[in-house]
Amino acid sequence: MKKVAIIGTGYVGLPTGVGLAELGNRVVCVDKLADKIDKLNRGELTLYEDGMEELFRKNVAAGALSFTTDMESAVKGADIVMLAVGTPPHPVTKEADLKYIYAAAEELAGYLDGYTVVATKSTVPVGTGDEIEQIIAKVNPKADFDVVSLPEFLREGFAIHDFFNPDRIVIGTDSEKARKVMLELYRPFEGKSEFLCVKRRSSETIKYASNAFLAMKIHYVNEMADFCECSGADIREVAKGMGLDSRIGKKFLNPGPGYGGSCFPKDTNAMAQMGKKFGSHLNLIETTIAENDNRKVKMGRRVIEAIKEHPEGKIAVLGLAFKGGTDDCRESPAIDIIKEMIKYSRNITVYDPKALNNAKSILNNTVSYANDAEEACSGADVAVILTEWEDFRTLDLGRLAKIMNCAKIVDLRNMLSAEAVKQAGFEYQCIGQRK
Ligand code: UDX
């Protein structure tokens, strides 16, 4: 059993805290936002993750998991302090903004007592561990501590599943003592996951290099989809054939409207900036970023092109979240595509099963909002699928064809069966097939 303090209760900190408590540790989660902590202390979760609620309740009730705004009480006596605060992109430079990390390091430094491992879960640029070390040593020269890079690879919507089933656990430190503490913490995963103990800078790089690679893989399959549209091949068949090669792998070969979310856009940009900083230009990543941005503009225009015979016609948008299974609209391709369409159309109605409220705070009154897919599609000249919600797979196509003004679907997630859609009388466009 370890005593763990987790600083930051967002998409990384909260599921990690819940998971570590479930593994038998005593976890205190700290956040500056008093409202958030009050809510958690009242037993209400501040974000949705499949399977989290039950574990949260169980561990709070058992006294293994608690929440506070008081850094001192959480850090004093902790064996491990995890930094899980945000590292948002700087609005101008696009570098990861480290002000929250540095502020947390400065604050926690004064409260360290006894040997403590300070582990960075937030995604931070290479060399940040060195900076944190210096900050802590400056504030508290007597502190006995090591700074470890402990990158987090969990996906939104699958955070609890990913916590308990990690592909690998990367521990970045040169300190034997710190490594031992971290290996003890993750002992329950022995024999189940790969452990990789590496230099701190390698560990920091692994996180960025992995996310950038996955973003490039998506960009690559999107580029192949464009090629298929011109050459007469079918991307579904091509991606399947590629994925069967175990060296390539089946995952992350779904073409779509471009990648989004709180990680890929931020991390690819930060990685490109690091390349410049260290004098090693990352051309593949820079191209991926630029092409992914272009793609969203191209997709918006594709929809506008689809209603060119009814330029005033209604566009029904199905899906606003950056991917299915989450209410998160941060860097959602759907939002950027809608912003492009707004330049040409004032007649857009949107629907999402979970993300309507988050989308409203971004799109305001530039679009209309519907309470279900049918309401969005009623009288529409085209329906556009922008997020891969399972609900959209089972749309009542016969009914939609009746209530729409024009039976036309642009499926930018390749969710529907072309056969079924055409049979229901629709004109159907998807990604990576010639029209
Ligand atoms: C990602 C990483 O997967 C995770 O390891 C890291 O810790 C955080 O960033 P997440 O942002 O939750 O996780 O989403 P992910 O499921 O990876 O999807 C990212 C984006 O890529 C989404 O917009 C998704 O729709 C898109 N995507 C994904 C595709 O377009 N095609 C694919 O085949 C896979």
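For the structure, see preceding data.
In this text, all values refer to a predicted model and were calculated from it rather than measured experimentally.

Participant: What is the right way to look at empty space enclosed by the protein in this model?
Facilitator: For the structure on display, the rule yields one cavity of 30 Å³ or more. Counted as a void, the largest cavity has a volume near 60 Å³. Forming the boundary of the largest cavity are T120, K121, S122, T123, V124, S149, P151, E152, S203, E204 and K207. The dominant element in the lining of the largest cavity, judged by the number of residues it contributes, is helix α9 (residues 200-231), at three residues.

Participant: Would you take a moment to explain the environment of H281 for this structure?
Facilitator: By secondary structure assignment, the location of H281 is in the loop between α11 (264-277) and α12 (283-306). The spatial distance from the C-alpha of H281 to the C-alpha of M271 is 9.8 Å, given a sequence separation of 10 residues. Discounting chain neighbours no more than four positions away, the residues touching H281 are G275, K276 and E286.

Participant: What is the right way to read the packing of helix α1 (residues 13-22) against helix α3 (residues 52-61) from this model?
Facilitator: Describing two packed helices takes the angle between their axes plus the distance from one axis to the other. Their axes nearest at 9 Å, the elements α1 and α3 cross at an angle of 55 degrees. Relative to α3, the element α1 is oriented oblique. Between α1 and α3 lies a crossing whose hand is left-handed. On α3, the residues that touch L14, P15, V18, A21 and E22 of α1 are M52, L55, F56, K58 and N59.

Participant: Any chance you could explain the sheet that holds strand β9 (residues 315-318) here in plain terms?
Facilitator: Spatial ordering of the open sheet is given by β11-β10-β9-β12-β13-β14, a layout of six strands whose pairing is parallel. Lying at the two open borders of the sheet, with one neighbouring strand each, are β11 (368-369) and β14 (427-429). Summarising the sheet, strand β13 (residues 408-411) and β14 pair through three bridges and their orientation is parallel. Residue pairing in the sheet places V410 in a bridge with Q429 of β14.

Participant: What exactly am I supposed to notice about the pairing of β9 here?
Facilitator: If a strand is regular, its side chains alternate between the two faces of the sheet. Of the two faces of β9, the one holding I315 and V317 and the one holding A316 and L318 are both buried throughout. One ladder, built from four bridges, connects β9 with strand β10 (residues 348-351); its direction is parallel. Each bridged residue has a counterpart across the sheet, and for A316 the counterpart in β10 is T349. Handedness of the crossover is the feature at issue here: the chain leaves β9, passes through helix α13 (residues 333-342), returns alongside β10, and the resulting connection is right-handed. Where β9 meets strand β12 (residues 382-385), four bridges bridge the pair, whose relative direction is parallel. Paired with A316 across the bridge in β12 is A383.

Participant: Looking at this structure, how should I read the site of the ligand?
Facilitator: In the neighbourhood of the ligand, 19 residues make up the surrounding shell, with F153, L154, E156, N254 and R413 lying closest. With respect to the ligand, the backbone of F153 contributes an N or O atom lying 2.7 Å from an oxygen atom. For the ligand, the accessible surface in isolation is 670 Å², of which the surrounding protein chains cover 92%. Of all the elements, α9 adds the most residues to the shell around the ligand, at three residues. Each residue belonging to the shell around the ligand can be placed in one class, and the counts come to nine nonpolar, three polar and seven charged.

Participant: Could you clarify how one ought to interpret the pattern of salt bridges in this entry?
Facilitator: Where side chains of opposite charge bring their charged atoms close, a pairing between them can arise. Under the defined criterion, the tally for this structure stands at 31 salt bridges. Among the salt bridges present, the one from R155 reaches D162, with a minimum N-O distance of 2.8 Å. Residue classification places R155 among the partly exposed positions, given a relative accessible area of 35%. The class for D162 is buried, based on a relative accessible area of 14%. R301 is the salt-bridge partner of E340, the closest N and O atoms lying 3.0 Å from each other. Highlighted residues: E340 in helix α13 and R301 in helix α12, separated in sequence by 39 residues. Since its relative accessible area comes to 4%, E340 is described here as buried. Via salt bridges that share partners, D130, E133, R200 and R201 belong to a single interconnected network.

Participant: Even after reading the chapter, I still don't get the environment of K422, so can you show me in this structure?
Facilitator: With respect to the element layout, K422 can be found in helix α18 (residues 418-423). K422 sits in the partly exposed class, given a relative accessible area of 47%. Sequence separation of K422 and A407 is 15 residues, and the distance between their C-alpha atoms is 9.6 Å.

Participant: Mind showing me how you'd approach the packing of aromatic side chains here?
Facilitator: Geometrically, a pair of aromatic rings is defined through the distance of the ring centres and the angle of the planes. What the rule picks out here adds up to seven aromatic pairs. Judged by centre distance (5.8 Å) and plane angle (50 degrees), the rings of F56 and F67 are tilted. One end of the pair, F56, is in helix α3; the other, F67, is in strand β3 (residues 65-68), and 11 residues separate them in sequence. We classify F56 as buried; its relative accessible area is 1%. What makes F67 buried here is its relative accessible area of 7%. A ring pair is formed by F163 and F189, whose centres lie 6.0 Å apart and whose planes are at 75 degrees; its orientation type is edge-to-face. Pair noted here: F163 is in helix α7 (residues 159-164) and F189 is in the loop between α8 (176-185) and β8 (194-198), with a separation of 26 residues, a long-range link. Members of the aromatic cluster, connected to one another through ring pairs, are F163, F164, Y186 and F189. Positioned above the aromatic ring of Y115, the side-chain terminus of K177 is 4.0 Å from the ring centre. Sitting over the ring of Y369, K360 keeps its end group 5.2 Å from the ring centre.

Definitions and limits used
- Residues numbered from 1 in each chain as written.
- Predicted model: local features only at pLDDT ≥ 70, side-chain atom pairs only at ≥ 80, totals over all residues.
- Heavy atoms only, no water.
- 1 Å grid on protein atoms, 1.4 Å probe; cavity = no way out; pocket = protein on both sides within 12 Å on 5 of 7 lines; lining within 4 Å.
- Points joined across faces, edges and corners; volume = space filled by probe spheres on them.
- Helix = DSSP H or I, 4+ residues; strand = E, 2+ residues; numbered from the N terminus.
- Contact = heavy atoms within 4.5 Å.
- Axes fitted to C-alpha atoms, helices over the stretch in contact; angles between N-to-C directions.
- Parallel < 35°, antiparallel > 145°, perpendicular 65-115°, else oblique.
- Left-handed = near helix turned anticlockwise from the far one by under 90°.
- Pairing = 2+ DSSP bridges.
- Buried < 20%, exposed > 50% of the residue type's maximum accessible area, 1.4 Å probe, protein only.
- Right-handed = clockwise from strand over helix to strand, strands pointing away.
- Near = heavy atom within 4 Å.
- Polar contact = N/O pair within 3.5 Å; in protein donor to acceptor, adjacent residues only side chain to side chain.
- Areas by Shrake-Rupley, 256 points an atom, 1.4 Å probe, with all protein chains shown as cover.
- Nonpolar A, V, L, I, M, F, W, Y, C, P; charged D, E, K, R; others polar.
- Salt bridge = Lys/Arg side-chain N within 4 Å of Asp/Glu carboxyl O.
- Phe/Tyr/Trp six-rings, centres within 6.5 Å; stacked < 30°, edge-to-face > 60°.
- Lys NZ or Arg CZ within 6 Å of the ring centre and 35° of its normal.

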